[in-house]
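Chain by chain, the residues:
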Amino acid sequence: MNDYEIVDSSFAAVINAPIEKIDIPKWCFTLPEDEYQRCSPAHIAAGFTTAPDGKRMSINVETVGGSLMVQHYVETLGEKDHLILESVSDIVTPVGRTTIHVLWELSVRRIDDQTCEFTNHVRSRATEEFKAFLDRQGIPFDVFRSQRQPMSIAHNKGETPLFAASIERAALRN
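Residues numbered from 1 in each chain as written. Predicted model: local features only at pLDDT ≥ 70, side-chain atom pairs only at ≥ 80, totals over all residues. Heavy atoms only, no water.

1. Brief notes about the pairing of strand β6 (residues 96-110)
Of all the 15 residues making up β6, 11 are buried; the element is thus mostly covered by neighbouring parts of the structure. Here 12 bridges tie strand β5 (residues 82-93) to β6, and the two strands are oriented antiparallel to one another. Residue pairing across strands places serine 89 opposite isoleucine 100, the latter belonging to β6. The antiparallel pairing of β5 with β6 creates a hairpin that spans two residues between the two strands. (Buried < 20%, exposed > 50% of the residue type's maximum accessible area, 1.4 Å probe, protein only. Helix = DSSP H or I, 4+ residues; strand = E, 2+ residues; numbered from the N terminus. Pairing = 2+ DSSP bridges.)

2. Focus on helix α3 (residues 128-137)
Every α-helical turn comprises 3.6 residues, leaving residues that sit three or four positions apart pointing alike. All of the buried residues in α3 are Phe130, Lys131, Phe133 and Leu134. Burial along α3 is one-sided: seen end-on, the buried residues are contained in an arc of 155°. Relative to its buried face, α3 has exposed residues pointing more than 90 degrees away, namely Glu128, Asp135 and Arg136. At its buried positions, α3 is contacted by β1 (5-15), β5, β6, β7 (116-126) and α4 (141-173). Looking one or two residues past α3, glycine 138 carries a phi angle of roughly 70°, positive in sign. (Arc of directions from axis to C-beta. Contact = heavy atoms within 4.5 Å.)

3. Focus: the packing of aromatic side chains
Aromatic ring pairs are described here by two measures, namely the spacing of the ring centres and the angle between the planes. Inspection of every chain in the model, using the stated rule, returns seven aromatic pairs. Aromatic rings pair up to connect Tyr4, Phe130, Phe133, Phe141 and Phe144 into one cluster. (Phe/Tyr/Trp six-rings, centres within 6.5 Å; stacked < 30°, edge-to-face > 60°.)

4. Let's talk about the environment of methionine 151
Among the secondary structure elements, methionine 151 is positioned in helix α4. The exposure class assigned to methionine 151 is partly exposed, which follows from its relative accessible area of 35%. A sequence separation of 97 residues divides methionine 151 from glycine 54, and the C-alpha atoms of the two residues are 33 Å apart.

5. Here we look at the sheet that holds strand β3 (residues 56-64)
Taking strand neighbours across the sheet as the criterion, the seven strands line up as β1-β7-β6-β5-β4-β3-β2 in an open arrangement whose pairing is antiparallel. Looking at strand neighbours, the two that pair on one side only are β1 and β2 (43-50), the edges of this open sheet. Adjacent strand axes in the sheet meet at a mean angle of 20° when their direction is disregarded. Direction of pairing for β3 relative to strand β4 (residues 67-79): antiparallel, over a ladder of eight bridges. Within β4, the position partnered with asparagine 60 by the bridge is glutamine 71. Of the strands in this sheet, β1, β5, β6 and β7 touch α3, which is tilted by about 130° from β6. Running over the sheet, α4 touches β1, β2, β3, β4, β6 and β7 and is turned about 20° from β1. (Axes fitted to C-alpha atoms, helices over the stretch in contact; angles between N-to-C directions.)

6. Some remarks on the pairing of β4
Here β3 folds back onto β4, and the loop between the two strands holds two residues, one of which, glycine 65, carries a positive phi near 60°. Judged from the eight bridges that link them, β4 and β5 form a sheet pairing that is antiparallel. Counted as the bridge partner of valine 74 is glutamate 86 from β5. Following β4, the chain reverses through two residues before pairing antiparallel with β5.

The analysis is restricted to geometry; functional conclusions fall outside its scope.
Now the structure itself:
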């Protein structure tokens, strides 16, 4: 973990569908809002658009640790079995608004002809704006990190099997 990494969390779940039927980018960039909401009680809204450079973007709104987050996930790698998204995410707290950097990586690997393992890997780190936000409040980064990590890890752990089930449903519809 580097000095300003907040969390590095990875969980896996089984998808009962052949890998040939799975298309993670298609799932991500066509995910209906109600399906996104079924993947976590903390999920509020989802949509998709394009970034100014034309890359695909997933917009997710959720609460993590009591803070509202608006994530602007831009696709940096889009393969059927592997998707990497990066976001400078807005965080709205009771004492103001700031940003953090989030790297979200979703992947599947074949187990056998009918099953795959889905991995949901989330890494976040402080932006310069975020470090200044904590400094203005007199909150040491290590204290913030130690309080945020359990909430972020629990969120990822809870949504991973529900994302896997959603990807499975999408794969079996095709």
